[in-house]
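Observations on the three-dimensional arrangement
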Amino acid sequence: MEERPLEGISPPGRIAAAGEGIGQDELALAARNHGLPLEALRYEVTPAGLHYVLVHYDIPDADPDTWRLTVRGCLRTPLELGLPELRALPAVTRRVTMECAGNGRARLSPRPVSQPWLVEAVGTAEWTGVPLHVVLAEAGVAPDAVEAVFTGADHGVERGVEQDYRRSLPLPIDEDEDVLLAHTMNGGPLPPQHGYPLRLVVPGWYGMAHVKWLRDIELVDTAFDGFQQSAAYRYKQSAEESGEPVTRIAPRALLIPPGFPDFMSRTRVVDPGPLRLAGRAWSGHGAVVRVELSTDGGGGWADAEVLPRGGHPYAWQGWHADWTAVPGCHTLLVRATDSSGRTQPLRQPWNRGGFGNNLVQAVTVVCR
Ligand SMILES: Nc1nc2c(c(=O)[nH]1)N[C@H]1C(S)=C(S)[C@@H](COP(=O)(O)O)O[C@H]1N2
Ligand SMILES: [Mo]
């Protein structure tokens, strides 16, 4: 369906007042949309149930027997593919780190009122599916097509606009970008919350591009200006400006929490002595080439050892560093830099949607 106004029930975008706590509406989102428990950073491939989840509306009811992917618009041969046909096409598997563009939003001040992520909206899965370029080649993209628009089966209202979840990507989409129509996650069918039975996977891009419950691909000859493209997911300072689109993932490193946690504060407790600190780091702009660690709140920094990407160019990389803990309270900071020269800020620039935050992580550790 076309997007249309639905007024009266759907609050506008809002910035929290100075000192305003997380409200019931944000709590309701946070309870639906879970993050990666940070200790699960220990797994190179995130078990599906521990991968972060973000669902704007409801998880739709999907019947595998009647599911169809339609491919239409500016092309030679419109297609309609059922799941058996999609599964019969040659598939590839790619290990992909996915991160929500809103990760880190709750640490902004003032805070954009939305899903209040701290740092945990990330996960890495092995996605298996049909390369998008294979399906597009079969359909025969017309020369006047400029974008592909991907529509999910979920439906809702957001800031007064009733809509299907819909996002576009610019054409051409080359084979080497490894965009997938994924029907399998970590070797099994997609779990309902991750897009069963079919989702788009766009390696290197923030989560919003990876359209779940994918039911339609339309090739269009003018740039798509739907809600999720032109109203949401823009870097902007004010509600009025159009801003810049959110696309690829900025670099970030996270620490596997050392020792054991306090239940409420999540402060870590460790014993004195030598300790190996380890974690993961990733970027959608190239390989992570450097991870630095500060054990004194940013006074001094030392290089950690960063493991190479190996055969997985879209997945996070492991890193580790040795530290000798001495009694007292310590603030550990980690900072990633990628091959494009992008790095993580010590003070986060602000934007109205709270997108693309990659402020360095600070972990409080008490050595007893
Ligand atoms: N159809 C549809 N696709 C969607 C969404 C959605 O709400 N509906 N959320 C997007 C957002 S904002 C993110 S961060 C990722 C989350 O994917 P995951 O839940 O599998 O981690 O899915 C994206 N794809
Ligand atoms: Mo997201």
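Each remark here, short or long, concerns the structure printed above.
Quick look at the overall build of the protein chain now. Tallying secondary structure elements over the protein chain gives 4 helices and 23 strands in all. Projecting the C-alpha coordinates of the protein chain onto the three principal axes gives extents of approximately 70 × 50 × 35 Å. Counting the 368 residues in the protein chain, one finds 52% classified as buried. Within the protein chain, contacts between residues separated by at least 24 positions form 73% of all contacts whose residues are at least 6 apart in sequence. Summed over all atoms, the accessible surface of the protein chain reaches about 16,100 Å², with 54% contributed by carbon and sulfur.

To continue, consider helix H3 (residues 132-139). Looking at H3, one finds that the buried residues are Leu132, Val135, Leu136 and Ala139. All buried residues of H3 fall inside an arc of 100° around its axis, so they share one side. Packed against the buried residues of H3 are strand E2 (68-73), strand E3 (79-82), strand E5 (122-131), strand E6 (147-158), strand E8 (180-185) and strand E11 (214-220). With its phi angle positive at about 75°, glycine 140 sits one or two positions after the end of H3.

Strand order across the open sheet formed by 6 strands is E1-E7-E6-E11-E2-E3, with mixed pairing between neighbours. Across the chains shown, the open sheet's two edge strands, defined by having one partner strand only, are strand E1 (4-5) and E3. Pairing of E1 with strand E7 (residues 161-170), which is carried by 2 bridges, proceeds in the antiparallel orientation. When the bridges of E7 are listed, arginine 4 appears paired with glutamate 162.

Next up on the list: the nonpolar core. Ranked by internal contacts, the top residues of the largest apolar core, which has 58 residues, are Phe150, Leu181, Met208, Ile217 and Leu219. When contributions to this core are tallied by element, the ones reaching two or more residues are E2, E3, helix H2 (83-88), E5, H3, E6, E7 and E11. With 4 residues, the single largest contributor to this core is H3. Both domain 1 (4-245) and domain 2 (252-367) contribute no fewer than three residues apiece to this core. The residues contacting leucine 219, other than those within four sequence positions of it, are Arg72, Gly73, Cys74, Leu75, Leu136, Val141, Ala145, Glu147, Ala148 and Leu171. Grouped together as the second largest cluster of nonpolar side chains are 19 residues, Leu293, Trp319, Trp323 and Ala336 included.

Turning our attention to unusual backbone geometry. In this model, serine 109 is joined to proline 110 through a cis peptide bond whose omega is -5°. Positionally, proline 110 belongs in the loop between strand E4 (92-99) and E5. Positive phi, close to 65°, is recorded for arginine 266, a residue that is not glycine. As for its position among the elements, arginine 266 is in the loop between strand E15 (260-261) and strand E16 (268-270). The exposure class of arginine 266 is partly exposed, given its relative accessible area of 46%.

Moving on to the pairing of strand E23 (residues 361-367). Burial of the side chains of E23 is restricted to one face: Gln361, Val363, Val365 and Cys367 are buried, whereas none of Ala362, Thr364 and Val366 on the reverse face is. With 3 bridges connecting them, E16 and E23 associate as parallel partners. When the bridges of E23 are listed, arginine 268 appears paired with valine 365. Relative to E23, strand E22 (residues 328-338) runs antiparallel, the two being bridged by 7 bridges. Along E23, the bridge assignment pairs histidine 330 with valine 365.

Cut-off values and rules
Residues numbered from 1 in each chain as written. Chains lettered and ligands numbered in written order. Predicted model: local features only at pLDDT ≥ 70, side-chain atom pairs only at ≥ 80, totals over all residues. Heavy atoms only, no water. Helix = DSSP H or I, 4+ residues; strand = E, 2+ residues; numbered from the N terminus. Buried < 20%, exposed > 50% of the residue type's maximum accessible area, 1.4 Å probe, protein only. Contact = heavy atoms within 4.5 Å. Areas by Shrake-Rupley, 256 points an atom, 1.4 Å probe, with all protein chains shown as cover. Arc of directions from axis to C-beta. Pairing = 2+ DSSP bridges. Core = buried A, V, L, I, M, F, W, Y, C linked by side-chain atoms within 4.5 Å. Domains from an automatic or database assignment.

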